[in-house]
Amino acid sequence: MPTSQDMTTELDPGLLDALQHQVAVFARRAEQTRLGGTGQLRNSMDRAAYLLLNRLDQEGPMGVKALAAGMGIDSSTVTRQVAPLVDTGLVKRTSHPEDGRAVVLQLSPRGLARLEEVRSSRRQLMVEVTDGWTPDERESFCTLLTRFNTALSARQSGHATAAAPGAGGPAAEASDEAGTAAE
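Here the residue numbering is sequential within each chain, running from 1 through the sequence in written order. Totals for whole chains, interfaces and linings use all residues, but because this is a predicted model, local features are given only for residues with pLDDT of at least 70 and pairs of side-chain atoms are given and counted only at 80 or more. In computing side-chain values, all of the structure's heavy atoms are included and hydrogens and water are not.

> Requested: an account of the nonpolar core, with residues and values cited.
Residues grouped as a nonpolar core are buried Ala, Val, Leu, Ile, Met, Phe, Trp, Tyr and Cys residues, joined through side-chain atoms within 4.5 Å. Per-residue accessibility, obtained with a 1.4 Å probe over protein chains only, is compared with the maximum for each type, and a residue is labelled buried under 20%, exposed over 50%, and partly exposed between these values. Membership of the largest hydrophobic core comes to 20 residues, with the highest contact counts inside it found for Leu52, Leu53, Leu56, Leu67, Val82, Leu85 and Val91. Listing elements by their share of this core, those giving two or more residues are α3 (47–59), α4 (64–71), α5 (75–87), β2 (103–107) and α6 (109–129). The dominant element in this core, judged by the number of residues it contributes, is α3, at 6 residues. Contact criterion: two residues are considered in contact whenever any of their non-hydrogen atoms come within 4.5 Å of each other. Those residues in contact with Leu85, other than ones at most four positions away along the chain, are Ala49, Leu52, Leu53, Leu90 and Val91. Secondary structure is summarised from DSSP: a helix means a run of H or I of at least four residues, a strand means a run of E of at least two, and numbering begins at the N terminus for each.

Structure below.
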């Protein structure tokens, strides 16, 4: 079985250099714009906040440990990132329905409205940035980016195997970790 070093030497070093450079440029541009979409500045949102709100919207109320595990980050990091979302009313802390002593984080109606504003703005940004692309090109790019993010996430988790072709879909959650890995 070839080692990682063997595979690296088999691939075109120039292509690998170009790829890592483009990933670095993407990470910088994404951070510069915070992928804030179009329109007013109010439609931008901190990456951590967006990812937390998005996960709560997609998976429903959950505890800090479950949220942290699902995002591949430490519970203390989630606690620190959630605090301002609770303070601004975007996330509510509620009692667990089965165990009143446990705390569950839940997207508030205000949080959902804010998340929808940001999503809409970001959708418009994607329309503008990919203007002139065919639907197949958009789908291929999304598939490959998802695959790339899944492989980065697996590597971060200590599972250094690349994602299989076609693994995950456009909505795969591995993209949560890609922002952290690309920093």
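> A description of the packing of aromatic side chains should follow, citing residues and the corresponding values.
Here the aromatic set is Phe, Tyr and Trp, taking the six-membered ring for Trp, and pairing holds for ring centres within 6.5 Å; pairs whose planes are under 30 degrees apart are stacked, those over 60 apart are edge-to-face, and all others are tilted. Throughout the structure, instances matching the rule amount to 1 aromatic pair. Centroid distance Trp133 to Phe141: 5.4 Å. Interplanar angle 85°. Geometry classified as edge-to-face. Owing to a relative accessible area of 31%, Trp133 belongs among the partly exposed residues under this scheme. Only lysine NZ and arginine CZ atoms are considered, and such an atom sits over a ring when it is within 6 Å of the ring centre and within 35 degrees of the ring normal. It is Arg122 that lies over the ring of Tyr50; its NZ or CZ is 3.9 Å from the centre.

> Residues and numbers for the side chain of Asn54, please.
Note on placement: Asn54 falls in helix α3. We classify Asn54 as buried; its relative accessible area is 10%. Residues adjacent in sequence count toward polar contacts only when both atoms are side-chain atoms; beyond that, a polar contact is any pair of N or O atoms within 3.5 Å, and within protein one must be able to donate a hydrogen and the other to accept it. Within the structure, the side chain of Asn54 is placed 2.4 Å from the side chain of Arg119, a separation counted as a polar contact. If we skip the residues at most four places from it in the chain, Asn54 touches Leu115 and Arg119.

> How would you sum up the packing of α4 against α5? Please name residues and give values.
At a minimum axis distance of 8 Å, the contact between α4 and α5 shows a crossing angle of 110°. Relative to α5, the element α4 is oriented roughly perpendicular. Where α4 approaches α5, its residues Val64, Lys65, Leu67 and Ala68 are matched on the opposing element by Ser75, Val78, Thr79 and Val82. Among the residues forming the contact of α4 with α5, the class breakdown is 5 nonpolar, 2 polar and 1 charged. Helix axes are fitted only over the stretch in contact, all axes being lines through C-alpha atoms; the angle between N-to-C directions runs from 0 to 180 degrees. When describing relative orientation, an angle under 35 degrees is termed roughly parallel and one over 145 degrees roughly antiparallel, while 65 to 115 degrees is termed roughly perpendicular and anything else oblique. Charged residues are taken to be Asp, Glu, Lys and Arg, nonpolar residues to be Ala, Val, Leu, Ile, Met, Phe, Trp, Tyr, Cys and Pro, and polar residues to be all remaining types, Gly included.

> Which residues make up the packing of α3 against α4, and what values go with them?
It is the contact of α3 with α4, at a shortest axis distance of 11 Å, that shows an interaxial angle of 110°. As far as their axial angle goes, α4 and α3 are roughly perpendicular. Contacts between α3 and α4 involve Leu51, Leu52, Arg55 and Leu56 from the first element and Leu67, Gly70 and Met71 from the second. Along the lines of polarity and charge, the residues of the contact of α3 with α4 split into 5 nonpolar, 1 polar and 1 charged.

> Tell me what's going on with the pattern of salt bridges, and back it up with residues and numbers.
Salt bridges, as used here, are contacts in which a Lys or Arg side-chain nitrogen is within 4 Å of a carboxyl oxygen on Asp or Glu. For the coordinates displayed, the defined rule picks out 5 salt bridges. Put simply, Glu117 and Arg114 hold a salt bridge, and the shortest N to O gap is 3.1 Å. Separated by 3 residues within a single helix, Glu117 and Arg114 lie in helix α6, roughly one turn from each other. Given a relative accessible area of 33%, Glu117 falls into the partly exposed group. Across the pair Glu116 and Arg119 runs a salt bridge, and its minimum N-O distance is 2.7 Å. Highlighted residues: Glu116 and Arg119, both in helix α6, separated by 3 residues, approximately one helical turn. A relative accessible area of 13% places Arg119 in the buried class. It is possible to trace a salt-bridge network through shared partners that takes in Asp57, Glu116, Arg119 and Arg123.

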